[in-house]
Amino acid sequence: MNALGMYVARESGLHSLHPLTKVLLTLLFITAGLTLPGNWTGYFIVAFIVFPLAFWGRVVSNLFSATWKVSLPFAISVILIHGFFWGEGTPVFEVGILSPKWEGAIFAAISMGRIILVMSVFLLFSMTTRPDALMITLKQAGVPSSIAYIIVTTLQIAPSFQRKALTILDAQRSRGLETEGNLYIRAKALIPLILPLVLGSLMEVEERAIAIEARGFNSGKKETSLIEIPDTPLQKNIRRIVIFSIFGLIVLGVLWRL
Amino acid sequence: MAFVVLKNLTYLYPTSEKPVLRNLSFHIQEGEFVAVVGPNGAGKSTLCYALAGFVPHFFKGEISGEIEVNGRKSSESTLDEWVLNVGLAFQNPFNQISGAKYTVFEEIAFGLENIGVPREEMKKRVEDAMSLTGIGDLADRSPYSLSGGQQQRVALTSILVMRPRLLVLDEPTSQMDPIGAREVFGVVRKMAEEGMTVVMVEHKVEWIANFADRVIALKEGQILLEGSASEVLTSEALVENGFGVSRYTSAAREAKKKGLWKKERLPVTLDEAAEGFNLTRNA
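This one's a predicted model, so the numbers in the text were calculated from it and none came from an experiment. (Residues numbered from 1 in each chain as written. Chains lettered and ligands numbered in written order. Predicted model: local features only at pLDDT ≥ 70, side-chain atom pairs only at ≥ 80, totals over all residues.)

### Observations regarding the sheet that holds strand β7 (residues 166–170) of chain B
All names here are of chain B.
Reasoning step 1: Taken together, six strands build an open sheet; the order of strands is β6-β7-β8-β3-β9-β10 and the sheet is mixed. For this open sheet the edge positions go to β6 (86–89) and β10 (222–227), each flanked by a neighbour on one side alone. Between one strand axis and the next, the sheet turns by 15° as a mean value, whatever way the strands run.
Reasoning step 2: In the packing of helix α7 (residues 178–193) onto the sheet, contacts are made with β3 (33–37), β7 and β8 (197–201), and the angle to β8 comes to roughly 150°. (Pairing = 2+ DSSP bridges. Helix = DSSP H or I, 4+ residues; strand = E, 2+ residues; numbered from the N terminus. Axes fitted to C-alpha atoms, helices over the stretch in contact; angles between N-to-C directions. Contact = placed C-beta atoms within 7 Å.)

What follows is the structure in structure tokens.
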């Protein structure tokens, strides 16, 4: 696990886009997927926009494997629920009380398209945007520093939490805690893991608050930034168009559904 | 007028029953390097938090008495103003990494960004601070990829770069190898010579004796002893009160009982010990 959560360091055009441009494009693709008519729009955007962008950003394989991992649990639950509990329809097969319906399966596939779209767009954004650049951009856009800090560091919580959990687990194991075996043994092993993990995390939060406060985080002075985030007039224009399009899509989406 | 003045400071954490600091008073002159020693629970870390403004501004709790730095009272100041003059680095380096930066260089610049230092000046100050603490070669590394000792150097550098008037360090070398720790003592000594006032909690008594101007021995929130390093660190009272003492002091104390230590004062450092035992040998 690296320090920056999901960020994949590469030299690419997509990486060098202004973070705000990418935030807005992310919102645009999601809005488009959810408002445009047609059942398969989600898949269409993923296939013809998101993955070509990932190719540009040189993160296709990373995006593919991450999207797959994140979407799989959703896919399983959506297919189970809609496949097996669809009311009336054409059965795919019938075994006892189990009788999945074609209509349910199709509905599940449509829903999955939307889930995959949202996941892949967020993942692509996280993989190609440096958290610190995002933080500076958010602050420049008027987001309060503390909110920007929380957004950016939250992206990194999962890896840090996982690292700490493994350390605690190793420590407990070295003192004889059984962590392998049947479900009951594994469940019992969770108790001595969770308490130190939660308490430790709370203490960590307190110390981190002290550390950043000691470095003038709330000094109230006008902040500066070490790195410059390149922006271009073209991107500024694109952002205006994107904002306009997002609102347009929302209005159209509402009208279509009336 | 002393640069740091503590007057009858008593402090109780919101969740504890007895005060951690009890009626504590001392003065520190500008540019002085004061080391604080004491067993666990003596109130060393709390004293650091008090000097750095976090007690009581961050931890709340009950406080009486006064903390004054450079003529300003902590009670009449806000934490955000206070931290501009007083820098704090503490023991666990991992929790001192901001988590919002990509490289060590950017991590060290974090504080300067917060206080609005212009970009070019910021770069210069970060470079200077990194070369001072000897971590120039880590500039492009991720702060998370470093060893504990390296992270401690980054934490120290991140505070030094802010150029505080008072530097408060709570066991800043606990994860360093002996050579690294010695270098850090040297850096802190140099900062003191340039006029920075330093309060440092440490267990490495030999290096305290080598570098610090004065030592305060703290026990149960009160000053047990205060004075020059060789006075305080060789005192019998430290042993009686469960403080860690230098192995050279212990050896010489044993030798003295057998008449093998001729000098008046016991040694703290290797050099002092060598000098004393040479006297015995040549006698």
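### Regarding the confidence of the model for chain B
Reasoning step 1: Here chain B averages 94 in pLDDT, and 100% of its residues register 70 or above.
Reasoning step 2: At the low end of the mean pLDDT range in chain B sits helix α12 (residues 270–282) of chain B, at 92; at the high end sits β8 of chain B, at 98. (pLDDT = per-residue confidence, 0-100.)

### Focus on the interface of chain B and chain A
Reasoning step 1: Taken together, the contacts link 35 residues of chain B with 32 residues of chain A.
Reasoning step 2: Contributions of two or more residues to the side of chain B that touches chain A are made by α3 (79–82), β6, α4 (104–114), α5 (119–132) and α6 (148–160) of chain B.
Reasoning step 3: No other element matches α4 of chain B, which puts six residues into the side of chain B that touches chain A.
Reasoning step 4: Looking at side-chain class alone, the side of chain B that touches chain A contains 19 nonpolar, eleven polar and five charged residues. (Nonpolar A, V, L, I, M, F, W, Y, C, P; charged D, E, K, R; others polar.)

### Side note on helix α1 (residues 44–51) of chain B
Residue and element names in this part refer to chain B.
Reasoning step 1: Counting buried positions along α1 gives seven out of eight residues, so the element sits mostly inside the fold.
Reasoning step 2: Residues K44, T46, L47, C48, Y49, A50 and L51 constitute the buried set of α1.
Reasoning step 3: Just downstream of α1 lies G53, where phi reads positive at about 95°. (Buried ≥ 20, exposed ≤ 12 C-beta atoms within 10 Å, placed from the backbone.)

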